[in-house]
Amino acid sequence: MALIRDANRMPGADVCRGLGGAAENLLVIAAISDGGTGFPVSAEALERGFMIRLEPVSADAPWRPCDAAASEFPPVRMQALRDAFLKDVEELPPALERRLQKIRGELAVHEVRLSRRTLDLMWHYCGAMLSACRISAGEALDLAFAQKALPCILAEAPVACLAELKTMLSGMPHSLALLNQPLPIQI
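The structure contained in this document is the topic of the report that follows. On a predicted model such as this, the values are computed, not experimentally measured, just so you know.

### A look at the overall build of the chain
When helices and strands are tallied, the chain shows seven helices and two strands. Start at the N end of the chain and walk to the C end: the helices and strands fall as β-β-α-α-α-α-α-α-α. Within the chain, the fraction of its 187 residues that count as buried is 31%. Across the chain, contacts joining residues at least 24 apart in sequence account for 74% of those joining residues at least 6 apart. Looking at the chain as shown, the accessible area adds up to about 12,400 Å², and 56% of this sits on carbon and sulfur atoms.

### Points about the packing of helix 3 (residues 94–108) against helix 6 (residues 159–168)
One can describe the packing of helix 3 onto helix 6 by two numbers: an axis separation of 11 Å at closest approach and a directional angle of 160 degrees. The orientation of helix 3 with respect to helix 6, classified from their angle, is roughly antiparallel. Handedness of the helix 3/helix 6 crossing: right-handed. Touching Arg99, Ile103, Glu106 and Leu107 of helix 3 are Cys161, Leu165 and Met168, all from helix 6. The residue makeup of the contact of helix 3 with helix 6, split by class, is five nonpolar, no polar and two charged.

### Some thoughts on the environment of Pro158
In this structure, Pro158 sits in the loop between helix 5 (137–156) and helix 6. Pro158 sits 48 residues away from His110 along the chain, and the two C-alpha atoms are 7.2 Å apart. When sequence neighbours within four positions are dropped, the list of residues in contact with Pro158 reads His110 and Val112.

What counts, and at which threshold
- Residues numbered from 1 in each chain as written.
- Predicted model: local features only at pLDDT ≥ 70, side-chain atom pairs only at ≥ 80, totals over all residues.
- Heavy atoms only, no water.
- Helix = DSSP H or I, 4+ residues; strand = E, 2+ residues; numbered from the N terminus.
- Buried < 20%, exposed > 50% of the residue type's maximum accessible area, 1.4 Å probe, protein only.
- Contact = heavy atoms within 4.5 Å.
- Areas by Shrake-Rupley, 256 points an atom, 1.4 Å probe, with all protein chains shown as cover.
- Axes fitted to C-alpha atoms, helices over the stretch in contact; angles between N-to-C directions.
- Parallel < 35°, antiparallel > 145°, perpendicular 65-115°, else oblique.
- Left-handed = near helix turned anticlockwise from the far one by under 90°.
- Nonpolar A, V, L, I, M, F, W, Y, C, P; charged D, E, K, R; others polar.

Shown next, in the form of structure tokens:
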């Protein structure tokens, strides 16, 4: 696993800079800034992983230093994460597969295609979420799409496709919410 802080501090920086060929086999976690202090991130960089937005902490939120040594939970082993999230998922609910296929078809009209890596990771994500969480298949797909596919689409899709995303993603509140957020993407 590699953690990269301030991955978009320099213009045109590669999120996986310095990792070489090993990056393909690593779980890469990159922190990027969208608060006006970071440079745009390319679609290639966004395609490498999931994007999870964290809300900034309010300036008037209560704060106390925490004791870093006093953790109530032991660290999670990498194998435990693989067991939980990279299960071999044979099937997903047919409605989920149909909805994803419909979105892929609508994107294809605009020459936008999701990579095999994106599709594979979304498949595993949905399988893990459906087996571990009490959410619907539609919400699992919405979360997977918002965190994995949509940031890349926003970075590289033609304007005509971007204009139709709101219609394509109807019924997907997490994905629709991302359409209204500033993203540090390189266009």
